[in-house]
Amino acid sequence: MRVAYEPRLRLWLLTGTSTAYAVRLDADDCVRHVHWGAPVTVEEAAALVGQEPPDPAASSFEEKAGADELPVEGGAHFGPAALQVRWADLGRGIEWKYLGHEIVEDAHLRIDLADRHYPLTVKLHYRMRGDVVERWTEVTNTGHEPVTLQRCDSAAWTVPAGPRRLSHLVGAWNSEFRLRRGELAAAETVLTSRRGLTSHHANPWLALDDGTAGEEHGEVWSTALAWSGSWRVTVQRDPGGRTGWTGGFGHEGLTWTLTAGETLRTPVFAGVYSTAGFGGVSRTWHAYIRANILPHPEELRPVLYNSWEATHFDVDEAGQIALARRAAEVGAEMFVMDDGWFGRRANERKGLGDWTPNPERFPHGLTNLVAAVRQSGMKFGIWVEPEMVNPDSDLYREHPDWVLHTANRRRTEMRHQLVLNLARPDVRDWTHAWLDRLVGEHGIDFLKWDCNRPFTEAGWPGHADPDRVYLDHTRAVHQIMDRLRAGHPGLRIESCAGGGGRADLGILARTDQVWPSDNTDPIDRIAIQNGFAQVFPAQVMGAWVTDSPNVTTARSTPLRFRFHVSMAGVLGLGGDLTTWTPDELEEAADLVREYKRVRPVVQHGTAYRLTGAGTLTGVQYTLNDDHVILAWLPSRPYGHTPGPLPLSAVEAGAVYRDLDTGRTYQGAVLQEKGLPLDMPAGDHASALVRLTRLP
Ligand code: DGJ
């Protein structure tokens, strides 16, 4: 049994592969935190009662042991409330009453609570999957009058007191997933998106350690929220080092009304504890995502070609067929036509929403292009942006009321577009219908689902509970994807939002890969990929090789370097192949072949981030006895020779052979001293090494 109950102390213990999580019911019927860390027995967990990590939000005069698992307004609690309710009589706050619990299945515990006075039940869910604790909350209005929720988080987390360092991801368009690591302020630190999207600027992932953890050692706690809309995580640390955080969907200021009998279920907020440092945390996330989130983790992702950087909006049948032929010659397995194929979409100002092929650009509809792509032996994918509309479109002229808007306010345009209100059932059904038709008519293999702007004026005039749009729009996106996948089992989807604006555990449950950034410069990508891979595995990390100089940064880099950076994820091609020289095309074809050789290890292996001297970094993927090492040296100051790169995932007593050179290495030497790298001279040098462990 992976959930144990100790009735005397009213204590529950969830046990994972190498971690444990314990909570207990206090005398006031509040569920309090006991332990999140190394495995413990029920007796040991019981012995921890009274010594729990203290609550950073409790009154300093009357300290209670153990922080609340879902802090509410009311009582001597002064931190951010995870559940905030305003009752029909305008009273607020909650006083807990325990109703019971159920061990729903082997590793899933549900604790049922209610308010002592008002008609509301709250179910706290805990499910242990491997070493990941999944938590979510269900709130039901059991009365006859509406109840207003001013906050309804999925879970609150507590870690032992002590110095704390916060790792999180920040960014912007073209610079997503930048890892920041620094001392946690003795304050409330809010990580949030108010954009209706997961966002480029912050990601609902974080990690906490005591400041001493490293890549492969030390205790780290980490959480990630499975939600693709607005969200908020508030981390709280007091001057004494007591630390906890609460998080869930929606940003501050939104309210949701629960009508009589209605239930609101939050997204999963998942937590990882590891003693193997930041690398250990990442590997636990990767394993969890593969085992529990991705629809098809077992599949190798194809090498795709995407037309965006080659043509931008300038797409037509002949041009796309020419690119497709080149892409197939280089070894691409899927051709993806990007923006510009429909309506009057000659630029970003018009046509969005009119989802029929432009008759001048595609006189045969998509038929000829799809046939040519298939004849070249590739699958066919296409770009769509289902949540958006240009005001200059037939769709908007016909349905101006279908967009998010607020009475008496301007409709803010971004990239000349507005957001469709997919929370409306008619808009959601219309969206599903055209996507279903498009995919069905052409047997489309892959949708690049884009979303190029955040919400503004996100009202819903005429609706009794307008802030619902923040929940229901996101749910509608998830539902449409689920319905499409169910109707077209062969369909695969890429999550894109102007680059990496929508990467989270919620979207990954119905997509197959993510486009992490519009910035394809390999130097910038090393940092972007490093941040992305803190939580997401290589098999969902789209990475195109594009032209040099790069369209975004104007930086020139060698083809081989560009490939070696992209090979750390799902390799793609994104440049204008019609301008590549025969030598470049040949080299590219060789490198694509090389990628296909290492792809099973990269996409299905276990990842270890590597750091060498100077600017040298890399990643080691291991699968059974096979190892793939990709190493990058962006710049080489005078006198610097890229030293050997120490490997993390090798055994001291074992011997490894380089599959290309035949050279053998002692595991202990690879660990301590490192792998010698055969790198070209100068900046932008890189290497790919394939090792196998000898029996
Ligand atoms: C933003 C995406 O990230 C790009 O790759 C491209 O698809 C454009 N949108 C198209 O408008």
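A brief report on the enclosed structure follows. For clarity, every value in this text was computed on a predicted model and none was experimentally measured. (Residues numbered from 1 in each chain as written. Predicted model: local features only at pLDDT ≥ 70, side-chain atom pairs only at ≥ 80, totals over all residues. Heavy atoms only, no water.)

1. Concerning helix 11 (residues 559-566)
For an α-helix the count is 3.6 residues per turn, leaving residues at separations of three or four pointing the same way.
At step 1: Counting buried positions along helix 11 gives seven out of eight residues, so the element sits mostly inside the fold.
At step 2: Taken together, the buried positions of helix 11 are Leu559, Phe561, Arg562, Phe563, His564, Val565 and Ser566.
At step 3: Residues of helix 11 that are buried in the fold lie against helix 10 (522-532), strand 31 (542-545), strand 32 (570-573), helix 12 (582-604), strand 35 (626-633) and strand 38 (685-693). (Buried < 20%, exposed > 50% of the residue type's maximum accessible area, 1.4 Å probe, protein only. Helix = DSSP H or I, 4+ residues; strand = E, 2+ residues; numbered from the N terminus. Contact = heavy atoms within 4.5 Å.)

2. Considering empty space enclosed by the protein
At step 1: Going through the model one piece at a time under the given rule, you end up with three cavities of 30 Å³ or more.
At step 2: The space that makes up the largest cavity amounts to roughly 130 Å³.
At step 3: Along the wall of the largest cavity there are 17 residues; nearest its centre are Asp55, Pro71, Gln236, Gly244 and Trp245.
At step 4: For the lining of the largest cavity, the secondary-structure elements that each account for two or more residues are strand 11 (155-159), strand 17 (231-237) and strand 18 (243-249).
At step 5: Tallied by class, residues from the lining of the largest cavity come to eight nonpolar, seven polar and two charged.
At step 6: For the second largest cavity, the calculated volume is near 40 Å³.
At step 7: Thr520, Pro522, Arg525, Gln529, Ala543, Trp544, Arg562, Val565 and Ser566 are the residues that line the second largest cavity.
At step 8: For the lining of the second largest cavity, the elements supplying multiple residues, two or more each, are helix 10, strand 31 and helix 11.
At step 9: Here the lining of the second largest cavity is built from residues that sort into four nonpolar, three polar and two charged. (1 Å grid on protein atoms, 1.4 Å probe; cavity = no way out; pocket = protein on both sides within 12 Å on 5 of 7 lines; lining within 4 Å. Points joined across faces, edges and corners; volume = space filled by probe spheres on them. Nonpolar A, V, L, I, M, F, W, Y, C, P; charged D, E, K, R; others polar.)

3. Observations regarding the pattern of salt bridges
At step 1: If you walk through the whole model with that rule in mind, you get 46 salt bridges.
At step 2: The residue Arg32 makes a salt bridge to Asp26 at a minimum N-O spacing of 2.5 Å. Accessibility classification places Arg32 together with Asp26 in one group, the buried group.
At step 3: The partner of Arg428 in a salt bridge is Asp429, and the shortest N-O contact between them spans 3.9 Å.
At step 4: According to the relative accessible area criterion, Arg428 is partly exposed, its value standing at 23%.
At step 5: The class for Asp429 is partly exposed, based on a relative accessible area of 39%.
At step 6: Members of the salt-bridge network, linked through shared partners, are Arg24, Asp26, Asp28, Arg32, Glu52 and Asp68. (Salt bridge = Lys/Arg side-chain N within 4 Å of Asp/Glu carboxyl O.)

4. A look at the pairing of strand 25 (residues 379-384)
At step 1: Of all six residues making up strand 25, five are buried, and the element is well covered by its neighbours.
At step 2: In this sheet, strand 28 (residues 446-449) lies alongside strand 25 in parallel orientation, the contact comprising four bridges. Bridging from a neighbouring strand, Gly381 pairs with Phe446 of strand 28. (Pairing = 2+ DSSP bridges.)

5. Things to note about unusual backbone geometry
At step 1: At the junction of Ser548 and Pro549, the peptide bond is cis and its omega measures out at 0° in the coordinates.
At step 2: Relative to the helices and strands, Pro549 resides in the loop between strand 31 and helix 11.
At step 3: Although it is not a glycine, Arg10 sits at a positive phi angle of roughly 50°.
At step 4: Here Arg10 is to be found in the loop between strand 1 (3-6) and strand 2 (11-15).
At step 5: The class for Arg10 is partly exposed, based on a relative accessible area of 26%.
At step 6: Positioned with a positive phi, His684 is a non-glycine residue whose angle comes to about 55°.

6. Details of the environment of Glu413
At step 1: Among the structural elements, Glu413 can be located in the loop between helix 6 (394-398) and strand 27 (418-419).
At step 2: Taking the relative accessible area as the measure of exposure, Glu413 reaches 43% and is therefore partly exposed.
At step 3: For the pair Glu413 and Trp341, spaced 72 residues apart in the sequence, the C-alpha separation amounts to 22 Å.
At step 4: Look past the residues within four positions of Glu413 in its chain and what remains in contact with it is Pro391, Leu418 and Arg453.

7. Considerations on the packing of aromatic side chains
At step 1: The final tally for this structure, using the stated rule, is 27 aromatic pairs.
At step 2: Here the aromatic rings of Trp221 and Tyr273 are separated by 5.3 Å at their centres, their planes lie at 50°, and the arrangement is tilted. Separated by 52 residues along the polypeptide, Trp221 in strand 16 (residues 220-225) and Tyr273 in strand 21 (residues 269-274) bring together distant segments of the chain.
At step 3: When its relative accessible area of 1% is taken as the criterion, Trp221 is described as buried.
At step 4: Given a relative accessible area of 5%, Tyr273 falls into the buried group.
At step 5: Ring centres 6.0 Å apart and planes at 65° place the aromatic pair Trp285 and Tyr288 in the edge-to-face group. Residue Trp285 and its partner Tyr288 are located together in helix 2 (residues 277-293), separated by three residues, close to a single helical turn.
At step 6: Three or more aromatic residues link up through ring pairs in this structure, and these residues are Trp341, Phe342, Trp355, Trp383, Trp402, Trp430 and Trp434.
At step 7: Sitting over the face of the ring of Phe278, Arg181 holds its NZ or CZ atom 3.4 Å from the ring centroid.
At step 8: Lying over the aromatic face of Trp515, Arg525 brings its terminal NZ or CZ to 4.6 Å of the ring centre. (Phe/Tyr/Trp six-rings, centres within 6.5 Å; stacked < 30°, edge-to-face > 60°. Lys NZ or Arg CZ within 6 Å of the ring centre and 35° of its normal.)

Function cannot be read off these values alone, since they describe shape.
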